[in-house]
Amino acid sequence: MRADRAGWTVYDVATGRPVILGDVALIGISFEDADSLVNLLNVQDRESARGASQSSPAPHPVSVR
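Remember, predicted model here, so these are calculated numbers, not experimental data.

**Q** What should I look at first to understand the overall build of the protein in this one?
**A** Along the protein, the regular secondary structure elements total 1 helix and 4 strands. Along the protein, helices (α) and strands (β) appear in the sequence β-β-β-β-α when read from the amino end. When burial is assessed residue by residue, the protein has 23% of its 65 residues classed as buried. Put simply, of all contacts in the protein between residues at least 6 apart along the chain, 34% involve residues at least 24 apart.

Laid out in structure tokens, this is it:
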């Protein structure tokens, strides 16, 4: 996540692009919202990777911070 002109943007470190959640780009949001979303997305990513590793080898989890 990085500060931008209107607030904070949450980036996907795998693509370098802002995260799009549903149809909403996480751009220009408050620090508190950005921080909470980063934490939530990182937890989901870890859980997803953990579940995938139980069924087949998966790449290392990617943090969105």
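So much for the structure itself; the text now carries on.
**Q** Could you clarify how one ought to interpret the nonpolar core in this entry?
**A** One broad rule of soluble globular proteins: the nonpolar side chains tend to lie buried together. The biggest cluster of nonpolar side chains holds 9 residues, and these are Met-1, Val-10, Val-19, Leu-26, Ile-29, Ala-34, Leu-37, Val-38 and Leu-41. Aside from chain neighbours lying at most four places away, what touches Ala-34 is Met-1, Trp-8, Val-10 and Ile-29.

**Q** Before we go on, may I ask you to explain the packing of aromatic side chains in this structure?
**A** To describe a pair of aromatic rings, one takes the distance between the centres and the angle between the planes. Applying the stated criterion to the full structure yields 1 aromatic pair. Their ring planes at 70° and their centres at 5.2 Å tell us that Trp-8 and Phe-31 sit as a pair that is edge-to-face. Residue Trp-8 is found in strand 2 (residues 8-9), and its partner Phe-31 is found in helix 1 (residues 31-55); the two are separated by 23 residues along the sequence. Taking relative accessible area as the criterion, Trp-8 reaches 26% and is therefore assigned partly exposed.

Reading guide: rules and limits
- Residues numbered from 1 in each chain as written.
- Predicted model: local features only at pLDDT ≥ 70, side-chain atom pairs only at ≥ 80, totals over all residues.
- Heavy atoms only, no water.
- Helix = DSSP H or I, 4+ residues; strand = E, 2+ residues; numbered from the N terminus.
- Buried < 20%, exposed > 50% of the residue type's maximum accessible area, 1.4 Å probe, protein only.
- Contact = heavy atoms within 4.5 Å.
- Core = buried A, V, L, I, M, F, W, Y, C linked by side-chain atoms within 4.5 Å.
- Phe/Tyr/Trp six-rings, centres within 6.5 Å; stacked < 30°, edge-to-face > 60°.

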